[in-house]
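Structure at a glance
Given next are the chains, with one letter for each unit.
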Amino acid sequence: MATDKSESLHLYKFLCQKIGSEQVVRLRRLTSTISDIGTDSDLKQISSGSKGEGLKTKGSDLDLMFSLSSIKVYESARDIVTPINMSYPLVMDTEDVSPCFTKLRLIFNDPNIYSKLIQKIVHIDSFGKYFLSNKLFKMLFLGPNFKIHGPCLSDHNDVLDIAFVLQCNQWISTAQPWITRSRRTWPSPDIISKITSCGVLFVPVGYKGSVNEEEEWRISFSIAEKFLIFSFNHTQLLCYALLKIVLKEIVEKQEDLKGLLCSYFLKTLMFWIMEESHTYTWRPDNIISCFKACLQRLIYCIQYSTLLHYFIPDNNLFYLRFNSLSKHKLISILDTLYQQQQGFHWLALSETLSDYPRLTNNSSINEHIMEFIETHKGPFLRKEYKVLLCHMLHYSRTDLSVGLFTFFFANASKDFSKTQPKPYKLNNKLQYYKYKYDLSHLLIGVQSDAVSGWMKLASYFYVQKNYKTALLLTDYSLWKCTDEKIDSSVVDNPFHEAKIYWNQHQEYVMKLTKHWKLYTVLKMLVVQGISFTIESPFIPPELQMEVAKGPEEFPSIQFAHFLHFLCYFHLHDLTSCTYALHQLEQTSLECLGTDARIYALTLFGIAYQMIGETSLARQQFYLADQIRQKC
């Protein structure tokens, strides 16, 4: 027994390092939530999939749903309370449809009452009723780089799935028995109450083989399922992640088994097991037994072709799912894994977990923070988003949430800009207020990372022709660019790979900062790129044409040397100009990423053009174009 507990704890620690500790999972979920709440109110974003759940394994997907607020679904016409001029109401019609599916009917038999968008996607049945076509609905959003994949629009690399969905704000009657059915302790009454208050979604896909397949919509409980996943303790979450790894890295290596199982089935399986078991059994020192119980239950469900939908059990997800050959092969693979009583030797078959039982180097939360930055460092330009971040920062209770919201708030302030059509005039009161307003935001923005906020402020003073102040700020920024800094602006995806390699100085500093707070690490160690939007009032005039093609992000250190050059050029200091140009050339060689290399060459070309070296300028622009064409 003691040996079993020891092996379980060993495996638990290993999985925490490979898949994520409790703190890392909270970090991922919090960033996902921040991303969701910052979206447009007319098109509400809902993150799902592995990344939305806080998991990261090989092939982890990001599924995004966008709920259209202008169209509301009701279970019956009696439930409609919203004025017609505020939203377009549709009513569920479950006549002659399979469980978990419905048709969405227009309450008026005159589509002209509805918006032009709805008129484009209406289908008339043989009785003269108007229904929303799921096929036509998806076609509305289909872009050139996407394809239709079930209810989603997928990119051609199958990395991103996007679904445009509709929402009903009420809990539907067919799922009502779920609220009161007998269960042990999970989910708690509080979770049940939160779930039912969110209603349900409708996904544009019909029951396969149905005569009304193009008119039907699948009832989705994605919001509810996210609440349930978030209520898992960490042992339960790791067992769920292990099931997904088994599916992706062992079962689906067999070509004839691909697509038979999916993550949604595993999630449903976990819900049933959790509802029927005692919470105290899900402990780190019991994780091996817990996982074997999950595996055994999966084998049972496949054997009897029965996996009931968690919210609407009338829908058997495994009905006619397997033929005898595929069922036998699936069970054989899973049973082999289950029968390995002495340790988890099958993990050697998994690419993600193949180095078990050797523990990986003890990685701190800070490595995951750096990984998060690369994914979430984009500008947040909407004013409403910044105000929302300010409120969330005020009400944050944990160090983790305070650190994250502070980081996002500083970035939102740094990248917030308004187009200023006329130059500032000190004798103009409104212009003076605008000057103070912009300056206050940029001063908050210097807290976003080690360098880029200061460089954005330096660029601001350069645009104001205050060259000496711009030089002081640029000098200070370059002084901060020491070897231990992690520059995310010189490579394409520095934290994309599972293994992060630090240089000697970074390794040393990361060990010292192991117990530092998140925000301290972000502010002291990370160097982001300098991003400008079209018509930004903070961008040097010399870069206006470059940014006019679209939003750009320049490598921080290269931009600093370029700004040095610009200031000295306008101050007519030829010696310093030449030195800045030399420094720009030297640091440009350090750009490993394609985009960073292009931007560095562009800055170099502009500088040569300004000093009259047109042939050298053309050479730099030519090299940049050559790299672009190879992309």
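1. Structural notes on the overall build of the protein
- Counting its secondary structure elements, the protein contains 25 helices and 15 strands.
- For the protein, the share of sequence-separated contacts (at least 6 apart) that also reach a separation of at least 24 residues comes to 67%.
- Split by element, the accessible area of the protein, about 30,800 Å² in all, is 55% carbon and sulfur.

2. With respect to the packing of aromatic side chains
- Taken as a whole, this structure holds 29 aromatic pairs when the rule is applied.
- Relative to Tyr-240, the ring of Phe-232 has its centre 6.4 Å away and its plane inclined at 80°; by these criteria the two rings are edge-to-face. Tyr-240 matches Phe-232 in its accessibility class, with the two residues each being buried.
- Through a chain of ring-to-ring contacts, the aromatic side chains of Trp-171, Trp-178, Trp-186, Phe-221, Phe-232, Tyr-240, Phe-271, Trp-272, Tyr-310 and Phe-311 assemble into a single cluster.
- Sitting over the ring of Trp-178, Arg-183 keeps its end group 5.2 Å from the ring centre.

3. Comments concerning unusual backbone geometry
- Omega for the peptide link from Trp-186 to Pro-187 comes to -5°, which places this bond in the cis form.
- With respect to the helices and strands, the residue Pro-187 is situated in the loop between helix 6 (176–180) and helix 7 (189–197).
- Positive phi, normally seen in glycine, also occurs at Leu-320, with a value near 55°.
- Inspection of the secondary structure assignment puts Leu-320 in the loop between helix 11 (287–303) and helix 12 (324–339).
- When its relative accessible area of 71% is taken as the criterion, Leu-320 is described as exposed.
- Although it is not a glycine, His-572 adopts a positive phi angle of roughly 60°.

4. Considering the pattern of salt bridges
- For the structure shown, the criterion picks out 13 salt bridges.
- We note a salt bridge from Lys-135 to Glu-214, for which the minimum N-O separation is 3.9 Å. In this pair, Lys-135 is assigned in helix 5 (residues 134–141) and Glu-214 in the loop between strand 10 (200–203) and strand 11 (216–220), connecting sequence segments 79 residues apart.
- Judged by relative accessible area, which is 42%, Lys-135 ranks as partly exposed.
- What makes Glu-214 partly exposed here is its relative accessible area of 44%.
- A salt bridge links Glu-276 to Arg-297; the shortest N-O distance between them is 3.0 Å. Within this pair, whereas Glu-276 is found in helix 10 (residues 263–276), its partner Arg-297 is found in helix 11, the two being separated by 21 residues in sequence.

5. Structural notes on helix 18 (residues 467–480)
- For helix 18, spanning 14 residues, the distance from its first C-alpha to its last is 20 Å, which sits close to the expected 20 Å at 1.5 Å a residue.
- Packing partners of the buried residues in helix 18 comprise helix 17 (452–463) and helix 22 (556–570).

6. Focus: a nonpolar patch on the surface
- Residues Met-139, Leu-142 and Ile-148 make up a contiguous nonpolar surface patch of about 240 Å² in total accessible area.
- Ile-148 sits in the partly exposed class, given a relative accessible area of 37%.

7. Thoughts on the pairing of strand 8 (residues 152–155)
- Alternating residues of strand 8 divide into Cys-152 and Ser-154 and Leu-153 and Asp-155, and every residue in both groups is buried.
- Of the strand pairs in this sheet, strand 7 (residues 146–149) and strand 8 are connected by four bridges, and their pairing is antiparallel. When the sheet's bridge partners are listed, Phe-146 is paired in strand 8 with Asp-155.
- Adjacent in sequence and paired antiparallel, strand 7 and strand 8 are bridged by two residues, among which Gly-150 carries a positive phi angle near 65°.
- As defined by bridge partners, strand 8 adjoins strand 9 (residues 160–168) across two bridges and the pair is classed as antiparallel. Considered in strand 9, the bridge of Leu-153 is made with Ile-162.
- Once strand 8 ends, the chain turns through four residues before running back antiparallel as strand 9, passing Asp-158 with a positive phi of about 55°.

8. Digging into the nonpolar core
- Judged by nonpolar contacts, the single largest core of 98 residues is most densely connected at Leu-166, Phe-202 and Phe-221.
- Counting 47 residues, the second-largest nonpolar core is a separate cluster that includes Met-455, Phe-532, Phe-562 and Cys-577.

9. Description of helix 12
- Here helix 12 is 16 residues long and its end C-alpha atoms lie 22 Å apart, about the 22 Å a rise of 1.5 Å per residue gives.
- Of all the residues in helix 12, the buried ones are Ser-326, Lys-327, Leu-330, Ile-331, Ile-333, Leu-334, Leu-337 and Tyr-338. Each buried residue of helix 12 sits inside an arc of 160° when the element is viewed along its axis, so together they form one side. Summarising the geometry of helix 12, the exposed residues directed more than 90 degrees from the buried face are Ser-324, Leu-325 and His-328.

10. Details of the side chain of Ser-154
- Within the secondary structure, Ser-154 is located in strand 8.
- At 2.4 Å, the side chain of Ser-154 forms a polar contact with the side chain of Asp-161.
- Other than its neighbours up to four places away in sequence, Ser-154 contacts Asn-145, Phe-146, Lys-147, His-149, Leu-160 and Asp-161.

Conventions we followed
Residues numbered from 1 in each chain as written. Predicted model: local features only at pLDDT ≥ 70, side-chain atom pairs only at ≥ 80, totals over all residues. Heavy atoms only, no water. Helix = DSSP H or I, 4+ residues; strand = E, 2+ residues; numbered from the N terminus. Contact = heavy atoms within 4.5 Å. Areas by Shrake-Rupley, 256 points an atom, 1.4 Å probe, with all protein chains shown as cover. Phe/Tyr/Trp six-rings, centres within 6.5 Å; stacked < 30°, edge-to-face > 60°. Buried < 20%, exposed > 50% of the residue type's maximum accessible area, 1.4 Å probe, protein only. Lys NZ or Arg CZ within 6 Å of the ring centre and 35° of its normal. Salt bridge = Lys/Arg side-chain N within 4 Å of Asp/Glu carboxyl O. Expected span 1.5 Å × (residues − 1). Patch = residues over 30% accessible without salt bridge, like charges linked within 9 Å, V, L, I, M, F, W, Y side chains within 5 Å. Pairing = 2+ DSSP bridges. Core = buried A, V, L, I, M, F, W, Y, C linked by side-chain atoms within 4.5 Å. Arc of directions from axis to C-beta. Polar contact = N/O pair within 3.5 Å; in protein donor to acceptor, adjacent residues only side chain to side chain.

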